[in-house]
Amino acid sequence: MKAGTYVSPKQVEMTEREIPIPKADEALIKVSYGGICGTDMMIYHGLHPRAEAPLILGHEFSGVVEQVGENQHVKKGDKVAVEPLISCGKCAACRNGQMHVCAKLRYIGIDKDGGFAEYATIPFNRLHVLPESVTEKEAAMLEPLAVAIHTVRRSKLLVGDTVAILGAGPIGLLIGIIAQRAGAGKIFISDVSSMRLQVARKLGLEAIDARDLDIVQVVKEYTNGVGADVVFEVAGSQITANQMIDCIKYQGEIMVVSVYKKPPTIQLAAMHFREISLSTTRCYSPEDFTKAIELLAQNKINLDPLISHILPLEEIKTGFELMENPDQSLKILFQP
Ligand SMILES: NC(=O)c1ccc[n+]([C@@H]2O[C@H](COP(=O)([O-])OP(=O)(O)OC[C@H]3O[C@@H](n4cnc5c(N)ncnc54)[C@H](O)[C@@H]3O)[C@@H](O)[C@H]2O)c1
Ligand SMILES: [Zn+2]
Ligand SMILES: [Zn+2]
């Protein structure tokens, strides 16, 4: 089969592999679509602490069940989405049902071969059967959508709240979409990429070009100097780590979604005087993933504006090169 493989830093290639044989607790999936994410870019740059070459990349993907044992919740021909988290089941978090903060959390597509291939073997319990109305293309974006749902559900966002989102990458934009559904009032979102700001506008978000405007000033003006009710930091830079504190209102809560490549300096004193809280979020719970499917099934969300490219797997190199430039790409899907 064709497989999109991480070979060495800055080298991804289409390689030829044997179709994998599913173990007793796995199904064989024929992959329909797989999306590139920031974590894949970390692996691509050789910066991921766990991923080891050669590795079939891809943890955001959907497909159709090709082969499976009997008496499972999936059967041959089912359209499925893959929830790629693999938790240990033994640590304190796992034993308390909080598998997404497992002390030894692993990912399909990072710690073992993933979905940028014609076929993948996936444990049954990591498969969600898709309702008829959810397309396989949309389902390839369920994973980042679940991140956004988890983040907004963890926040204290209330109907009518003013929101500031720092960074209009796929995750920032999805948080914008979910905050809209959750009843937010005005939603400001900043970025430095004209293309991403244009998508934000298309989604009905108040796009702020951070090259010309300071989102802190814009939010302060709009809220009579008070600040946003909720701030989501999704750009992962020192500049936005400063802005998140200046943007939030007194006693507000900042949601840090970013995984910083370089540890930022956080101005704790500035937080102290206004009793600001800072929360972090990691992936999603199974419930968030199910809710993501439900929102798509109800046609409550249109993910099409986020897809910048759909490429055949043969163009894996091009896909990763495009992802290097935020002004040329947003969500890139491969179709094996
Ligand atoms: N918490 C989690 O479980 C989780 C899951 C997925 C991703 N993440 C993290 O979330 C972050 C966003 O993910 P993504 O896939 O959208 O990444 P991305 O790199 O596509 O998006 C970041 C955006 O920030 C923009 N940006 C850069 N400097 C800026 C500035 N000064 N002001 C405003 N915007 C600026 C970039 O142009 C880009 O569009 C990353 O740090 C990623 O690691 C966390
Ligand atoms: Zn991802
Ligand atoms: Zn665990």
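Student: I'd like a description of the site of ligand 1, backed by residues and values.
Tutor: The environment of ligand 1 is formed by 20 residues, the closest being Ile 171, Asp 191, Arg 196, Thr 281 and Cys 283. In the environment of ligand 1, an oxygen atom lies 2.7 Å from a nitrogen or oxygen atom belonging to the backbone of Cys 283. For ligand 1, whose free accessible area comes to 850 Å², the fraction covered by protein is 78%.

Student: Give me the lowdown on the pairing of strand β14 (residues 228-233), citing residues and values where you can.
Tutor: With five of its six residues buried, β14 lies for the most part within the structure. Bridging between strand β11 (residues 163-166) and β14 involves four bridges; their strand directions are parallel. Bridge pairing links Val 163 to Val 230 in β14. Relative to strand β15 (residues 248-256), β14 is paired through five bridges, and the arrangement is parallel. Bridge assignment links Ala 228 to a residue of β15, and that residue is Ile 248. Assessed by its sense of winding, the connection that carries the chain from β14 through helix α8 (residues 238-247) to β15 is right-handed.

Student: Help me get a handle on the pattern of salt bridges, residues and values and all.
Tutor: Under the defined criterion, the tally for this structure stands at 17 salt bridges. The salt bridge involving Asp 111 is made with Arg 50; its shortest N-O contact spans 2.6 Å. Here the residue Asp 111 occupies a position in the loop between β8 (106-107) and β9 (119-123), and Arg 50 occupies one in the loop between α1 (38-44) and β4 (55-56), the gap between them amounting to 61 residues. By relative accessible area, Asp 111 is classed as partly exposed at 24%. Owing to a relative accessible area of 34%, Arg 50 belongs among the partly exposed residues under this scheme. With a shortest N-O distance of 3.1 Å, Asp 78 and Lys 75 are connected by a salt bridge. Here Asp 78 falls in the buried class, since its relative accessible area comes to 10%. A relative accessible area of 54% places Lys 75 in the exposed class. A network of salt bridges, in which partner residues are shared, links Arg 153, Glu 287, Asp 288 and Lys 291.

Calculation rules
Residues numbered from 1 in each chain as written. Chains lettered and ligands numbered in written order. Predicted model: local features only at pLDDT ≥ 70, side-chain atom pairs only at ≥ 80, totals over all residues. Heavy atoms only, no water. Near = heavy atom within 4 Å. Polar contact = N/O pair within 3.5 Å; in protein donor to acceptor, adjacent residues only side chain to side chain. Areas by Shrake-Rupley, 256 points an atom, 1.4 Å probe, with all protein chains shown as cover. Buried < 20%, exposed > 50% of the residue type's maximum accessible area, 1.4 Å probe, protein only. Helix = DSSP H or I, 4+ residues; strand = E, 2+ residues; numbered from the N terminus. Pairing = 2+ DSSP bridges. Right-handed = clockwise from strand over helix to strand, strands pointing away. Salt bridge = Lys/Arg side-chain N within 4 Å of Asp/Glu carboxyl O.

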